Amino acid sequence: MIRTLLAVALFGGCEAFMGGIPAAFKSDARLRSQLCFRSKTSVGLYMTASDASNSREPVFGFQRNLKDELWLPQRARPRRNRKNEAIRSMTRENEVKPSNFIYPLFVHTKDHNEEIASMPGCLRHSADSVMQEVGEALAEGVSNIILFPKIPEELKSNAADECHNPSGIVPELITRIKSKYGSSVNVWTDVALDPYSDQGHDGIVSSDRRGDGGMARILNDETVEQLCRQALAQARAGADVVAPSDMMDGRIGAIRDALDSEGFTDVSVVAYTAKYASAFYGPFRDALESAPRASSGAPRNKRTYQMDPANSREALVEARLDVAEGADMLMVKPGMPYLDIIRLLKDNTHLPISAYHVSGEYAMLKAAALRGWINERDTVLESLLCFKRAGADAILTYYAKQVRVVCVLSI
């Protein structure tokens with residue numbers, strides 16, 4: 001078609017163009033004359049007017065069909081597969097369902113709920129409120145929840161020993177949830193020291209100054225030992241899934257071995273495989289008061305253990321290690337800014353992939369919605385669909401219960 005049109009432009013003749021036209025057009029003088037209509041505003045280009053009596057300027061390439069209707073000749077028309085909902089739903093490549101969601105719950109030791117200013121709609125829940133939230137999530141079809149604790153300041157320490165206290169807030173809540181809801185809900189836990197640390201880091205901070213920029217180091221192996229104790233305490237309480245988010249080297253294999261050694265072979269390990277040193281975590285740290293502290297002597301960031309946002313191939317290194325160490329699922333965090341990493345892991349591993357729709361992403365959507373700048377429901381549903389399209393099998397999102405997806409996503 002392009003060659004035929006070029007022939008008209010270059011040679012200025014109608015006959016050159018007629019060679020590629022069906023016989024019905026060649027024998028119809030009216031159509032032939034319309035096909036060869038010369039625009040008075042063009043030089044060397046033949047255009048077809050949509051209506052000979054229409055005063056609009058004709059546009060090159062358009063014709064009249066056998067019913068004298070405007071026709072842009074083309075066989076492939078992708079819009080035919082979008083013409084109604086029955087066709088769209090039949091050909092839809094990705095769907096988001098409540099079973100894809102993991103619902104994060106912030107918990108604290110107080111007997112009342114507290115609002116989180118930077119995360120409208122999210123709360124620090126009391127134990128009783130958590131029980132209610134779990135029930136409501138199940139009613140919406142969301143059967144996976146994850147607990148994130150805000151620990152009282154007096155219980156925090158550099159070694160974060162409270163993380164493996166069997167009478168701590170997380171083990172007690174796990175036992176309570178499983179006692180009431182049983183196998184209808186999967187209880188996930190965060191395995192990391194930062195909520196329990198008086199340093200605000202995911203690991204134990206050294207007493208020396210041999211780290212980045214002459215500051216204290218985050219001790220890897222000593223931290224992994226504590227993480228194993230934490231995961232065991234959670235498994236003993238009844239956790240179905242432990243999710244190490246700390247980014248220490250070797251922790252997946254060590255935790256897997258520790259669990260297996262006590263017979264917890266059915267407890268899943270979801271690795272935060274590609275957790276980036278991102279600026280999108282601010283509201284989460286507000287919720288738990290877990291940001292790195294100046295008093296720690298360590299850097300005020302987590303760049304010595306979380307991944308550089310500039311890197312993608314490094315995610316493959318982390319993924320291969322986590323797979324070899326026995327991870328059951330790989331997670332990418334943050335979510336929307338790292339869709340390329342989700343796809344990268346999906347294409348290069350055989351394990352399920354989860355995405356964390358993090359607090360900063362949530363806060364941005366909420367802020368825009370509260371100002372009337374976006375339609376919140378449609379924007380959220382589209383965002384969640386993007387995770388599925390990129391390759392995520394599971395999505396950890398603060399919207400898990402709010403979106404109230406009953407069946408499948410349709411936009």
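A word on the overall build of the protein
Along the protein, the regular secondary structure elements total 14 helices and 14 strands. Put simply, the protein has 411 residues, and 50% of those count as buried. Contacts spanning at least 24 positions in sequence make up 70% of the contacts within the protein whose residues lie at least 6 apart. Put simply, the protein shows about 19800 Å² of open surface, and 51% of that area lies on carbon and sulfur atoms.

A short note on the confidence of the model for the protein
A low pLDDT score tells you not to read the predicted coordinates there in detail. Residue-level pLDDT values for the protein average 87, and 85% of them are 70 or greater. In this model, residues 29-51 is a region of pLDDT below 50 whose contacts with residues beyond four sequence positions or in other chains number 52 contacts. Contacts of residues 405-411 to residues separated by more than four positions or lying in other chains number 22 contacts, the stretch itself having pLDDT below 50.

Structural notes on the environment of Ala216
Within the fold, Ala216 resides in the loop between strand 8 (204-205) and strand 9 (218-219). Expressed as a C-alpha distance, the spacing of Ala216 and Ala298, which sit 82 residues apart in the sequence, is 4.4 Å. Ignoring sequence-local partners within four residues, the contact set of Ala216 consists of Val205, Ser206, Asp208, Arg209, Gly211, Ser296, Gly297, Ala298 and Pro299.

Here's the deal with the packing of aromatic side chains
One pair of aromatic rings is described through two measures. These are the centre distance and the angle between the planes. For the structure shown, the criterion picks out 10 aromatic pairs. An angle of 15° between the planes, with centres 5.7 Å apart, marks the rings of Phe106 and Tyr398 as stacked. Of this pair, Phe106 sits in strand 3 (residues 101-107) while Tyr398 sits in the segment after strand 14 (394-397), placing them 292 residues apart in sequence. On the numbers, 4.4 Å between centres and 25° between planes, the contact of Tyr276 with Tyr338 is stacked. Here Tyr276 is found in the loop between strand 11 (268-275) and helix 10 (282-288), whereas its partner Tyr338 is found in the loop between strand 12 (329-333) and helix 12 (339-348), with 62 residues between them in sequence.

Here's the deal with the packing of helix 7 (residues 169-181) against helix 8 (residues 220-237)
Interhelical geometry of helix 7 versus helix 8 gives an angle of 25° and a closest axis separation of 8 Å. Taken together, the axis directions place helix 7 and helix 8 in an arrangement best described as roughly parallel. Classified by chirality, the crossing of helix 8 by helix 7 is right-handed. The residues of helix 8 that touch helix 7, namely those facing Val170, Pro171, Ile174 and Thr175, are Ala233, Gln234 and Ala237. By residue class, the composition of the contact of helix 7 with helix 8 is 5 nonpolar, 2 polar and no charged.

Some thoughts on unusual backbone geometry
The amide bond that connects Lys333 to the next residue, Pro334, takes the cis arrangement and shows omega of -5°. With respect to the element layout, Pro334 can be found in the loop between strand 12 and helix 12. We note that Asp68 has phi near 60°; this positive angle belongs to a residue other than glycine. The residue Asp68 is located in the loop between strand 1 (63-64) and strand 2 (70-71) in this model. One non-glycine residue, Ala160, lies in the positive phi region at around 60°. Within the secondary structure layout, Ala160 lies in the loop between strand 6 (144-149) and helix 7.

Brief notes about the nonpolar core
Here is a general trend for soluble globular proteins: nonpolar side chains tend to be buried in one another's company. Membership of the largest hydrophobic core comes to 105 residues, with the highest contact counts inside it found for Phe106, Leu147, Ile177, Ile255, Leu259, Ile342 and Tyr356. Non-local contacts of Tyr356, meaning those with residues more than four positions away in its chain, are made with Phe148, Tyr272, Phe284, Met331, Val332, Lys333, Pro334, Gly335, Glu361, Leu396 and Tyr398.

Points about helix 8
With 18 residues, helix 8 should cover 26 Å at 1.5 Å per step; its first-to-last C-alpha distance of 26 Å lies within 8% of that length. Every buried residue belonging to helix 8 is among Thr223, Val224, Gln226, Leu227, Cys228, Gln230, Ala231, Leu232, Ala233, Gln234, Ala235 and Ala237, and all of these are buried. Looking at the packing, one finds that the buried side of helix 8 touches helix 7, strand 7 (186-191), strand 8, strand 9, strand 10 (241-244) and helix 9 (251-261). One or two positions beyond helix 8, positive phi appears at Gly238, with a value near 120°.

Some thoughts on the environment of Val241
Mapped onto the secondary structure, Val241 falls in strand 10. A sequence separation of 51 residues divides Val241 from Asp190, and the C-alpha atoms of the two residues are 9.0 Å apart. Those residues in contact with Val241 that lie beyond four places of it in its chain are Val187, Trp188, Thr189, Val267, Ser268 and Val270.

A short note on the side chain of Thr223
With respect to the secondary-structure elements, Thr223 resides in helix 8. Given a relative accessible area of 0%, Thr223 falls into the buried group.

What counts and what doesn't
Residues numbered from 1 in each chain as written. Predicted model: local features only at pLDDT ≥ 70, side-chain atom pairs only at ≥ 80, totals over all residues. Heavy atoms only, no water. Helix = DSSP H or I, 4+ residues; strand = E, 2+ residues; numbered from the N terminus. Buried < 20%, exposed > 50% of the residue type's maximum accessible area, 1.4 Å probe, protein only. Contact = heavy atoms within 4.5 Å. Areas by Shrake-Rupley, 256 points an atom, 1.4 Å probe, with all protein chains shown as cover. pLDDT = per-residue confidence, 0-100. Phe/Tyr/Trp six-rings, centres within 6.5 Å; stacked < 30°, edge-to-face > 60°. Axes fitted to C-alpha atoms, helices over the stretch in contact; angles between N-to-C directions. Parallel < 35°, antiparallel > 145°, perpendicular 65-115°, else oblique. Left-handed = near helix turned anticlockwise from the far one by under 90°. Nonpolar A, V, L, I, M, F, W, Y, C, P; charged D, E, K, R; others polar. Core = buried A, V, L, I, M, F, W, Y, C linked by side-chain atoms within 4.5 Å. Expected span 1.5 Å × (residues − 1).

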